[in-house]
Structure formats: C-alpha cells, structure tokens
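Survey of secondary and tertiary structure
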Amino acid sequence: MTPKVLLKSAMMAGLMLTASAPALAQAPAVPAGFTALFDGKTLNGWSGDPSIWSVQDGAITGHSDKDIPYNTYLILDKPFSSPNYEIRFKYRFQSEAGNSGLQFRSGQVAGNHIMAGLQANIVALGGSAPRFAMLYDELDRQELVLTGQKATIERAQASNGGTGRIVRTVHEMVNAGEDIQKVTRPRGEWNEGVLIVYGNRYVHAVNGHLAFDATDEDPLAPKDGLIGWQFHKGPPTTIQFKDIVIQPLAAMPDISRFASKPAPAPAPTRTYRDAIKVGSPDLPMPD
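Before going into details, it helps to say that this report is about the structure given with it. Quick caveat: nothing in here was measured; it's all calculated off a predicted structure. (Residues numbered from 1 in each chain as written. Predicted model: local features only at pLDDT ≥ 70, side-chain atom pairs only at ≥ 80, totals over all residues. Heavy atoms only, no water.)

Description of the sheet that holds strand β9 (residues 135-137)
Two strands in a sheet stick together by hydrogen bonds in their backbones, pointing the same way (parallel) or opposite ways (antiparallel). Note the following rule: For two strands to be treated as a pair, DSSP must find no fewer than two bridges joining them. Strands are runs of DSSP state E lasting at least 2 residues, helices are runs of H or I lasting at least 4, and numbering of each runs from the N terminus.
Taken in spatial order, the seven strands of this open sheet run β2-β5-β16-β7-β8-β9-β10, and their pairing is antiparallel. Each edge of the sheet is formed by a strand with only one pairing partner; in this case those strands are β2 (46-47) and β10 (142-145). As paired elements, strand β5 (residues 72-76) and strand β16 (residues 226-231) share four bridges and run antiparallel to each other. Of the residues in β16, the one forming a bridge with L74 is W229.

Describing the environment of V183
What counts here: Residues count as neighbours in contact if any of their non-hydrogen atoms are within 4.5 Å of one another.
Relative to the assigned elements, V183 resides in the loop between α2 (177-182) and β13 (191-198). Each C-alpha atom of the pair V183 and H209 lies 7.9 Å from the other, and the pair is 26 residues apart in sequence. Residues within four places of V183 in sequence aside, it is in contact with V206, N207 and H209.

Overview of unusual backbone geometry
Inclusion rule: A simple rule labels every residue: compare its accessible area, found with a 1.4 Å probe on the protein chains alone, to the largest value its type can have, and call it buried under 20%, exposed over 50%, or partly exposed in between.
Between A267 and P268 the backbone carries a cis peptide bond, its omega angle lying at -5°. Here Q142, not a glycine, exhibits a phi torsion of approximately 55°, which is positive. Along the chain, the position of Q142 falls in strand β10. Q142 sits in the buried class, given a relative accessible area of 6%. A positive phi is found at N207, a non-glycine position, where the angle reads about 50°. You can see N207 is positioned in the loop between β14 (201-206) and β15 (209-216). Among the residues examined, N207 registers a relative accessible area of 12% and is labelled buried.

Section: the pattern of salt bridges
Quick note on the threshold: Whenever a carboxyl oxygen of Asp or Glu lies within 4 Å of a side-chain nitrogen of Lys or Arg, that contact is scored as a salt bridge.
Tallied over the entire structure, the rule returns 16 salt bridges. In this structure, R141 and D216 form a salt bridge, with 2.9 Å as the shortest nitrogen-oxygen distance. Separated by 75 residues along the polypeptide, R141 in the loop between β9 and β10 and D216 in strand β15 bring together distant segments of the chain. Judged by relative accessible area, which is 1%, R141 ranks as buried. A salt bridge links R168 to D282; the shortest N-O distance between them is 3.7 Å. Pair noted here: R168 is in strand β12 (residues 165-173) and D282 is in the loop between β18 (270-273) and β19 (283-284), with a separation of 114 residues, a long-range link. For R168, a relative accessible area of 6% gives the class buried. Because the salt bridges share partners, they merge into one network encompassing D137, D140, R141, R155, D216 and D218.

Following this line, the structure appears as structure tokens:
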C-alpha cells in the first residue's frame, strides 16, 4: 500500500471515529449499583397519556401546545424492588413556564393516569423560591417542606377534632430557596436532580445543592408505592427527562456531598395547617 493510500485510510478512519463520537456520548454508562429506568428510546415500562408523553431527542418528553385542565402523570408500571432508594436524573424545560415533579411512594387513582402521594417538585425558573424544589404531597398534606428547609412533619388533632392538622417544624435552612434557583440552569439546559428516599427521610438535591431534607413522622405517611413524573395542569409546556437511574439503599447515604449553607430558620419555626385546601396558610403552632 502506497504512503498516499495509507494516509487516506488513516484520515477516513479518523473521520469515522469523529462521526461516531456524538452517538456514543448520548448513551452514558449507568453508575455502578444503579439500574436504568429509561432505555433512551421508548416508554417501555411506563404508562401515561400518549397525547402528552413521548420520547424526543433521546429523552422522555411531556408536551402540550394548549392549556390542559388537569394534572396527568407518566407512571412506572410497578413499584421498585425496594422502598428505599436513590434516584438520579436530568431534566430541562423547553418552555418558559412549567410545573412538574418526581412522584414517589405514590398510588394511582381513577382518572387519566392520575397519581396521589409524595413529590419532589420541579418548576421552571421564575416561580416562587419557597415552592421551587419543595416536598409536596398530592393528597391531603399539600406543601410539606419548602425549598431549602430541613424539617420534620407530624400529624395532630385539628381544631375541628379531626386528624387533618399537619405540623411542620423547621430545624434550620440548608440553603436559601433563592440560592437553589441561582444554581438552576435556564430553559433549554439540562439540570441534575437527586432524590434519596430512606425510611421516613427524604432528601432532594438540584445541581449538587441540597434543596430539602425532610423527616416524615406522620403515622399516615406512605411507606411504599409507585414512581412517576407529573405534567401539571396549565399553559402550554414542554419538559424533558433523561439519564434516569435508581439504586436500592441498605443504609442512609452520606449527603455531605451536596453543597449546603446552613442558617437559622426564620420564625415561626413550628407551624400547622388545619385545612387540606391548596394554598392554605401556615399558622404558628400554639404552645
């Protein structure tokens, strides 16, 4: 083979390697000990409204070009093998506005792929900082632990004698809600989320920063359930998820890997709500 032919062959091989590199980059390796919940190509293993959910650009995509009047969900077909796990994922909004969330320890109820249960909130930039990446309950407890709080949730007798009084005790701020928004990348750019669920403790991080650290002492809190993604009612929205992996936990992992700026919680640090209506005010818990 002549030198010119050898040179041409080497150049062609280099071009082939260069062309194939992006395709390889689209399929990152699953971390050791984790299992992929999304194959990058199909919605196999998931159930949802096909008019909302699809796979686009190698990502689970929730999209509506018109207002929708109800929440709907993409639901993992069966509970994970363990009630204790760590989920890692990436998300981005392709719209200016949007509200979504990662459901966990949830149940499916009647309706168009409807879920009720716990949620790590995921919101597009521009929303309320305290609700940006909070712990929410798509059932009777609503706003549980707001963004940046380290808090304990309990249930007590309500003023009407029922059991609907949800009590939140904030021990400290692990980060300011505004700081979590500052490290969140804008529309079109990928963000990294982590959710840790171990026993009655739930931890959520965004781009390596601690978003909440919750301990759920409510005796009626769910102990197991389904995982899913929320597509919130409201204006036209596009949200995408990819690189979704999960690992069972035999012990609570070290969360010092997440950035945190501890600070005293603003008063009142112990509050309650009697009502289950969304947006009910938090009132100081009487002594």
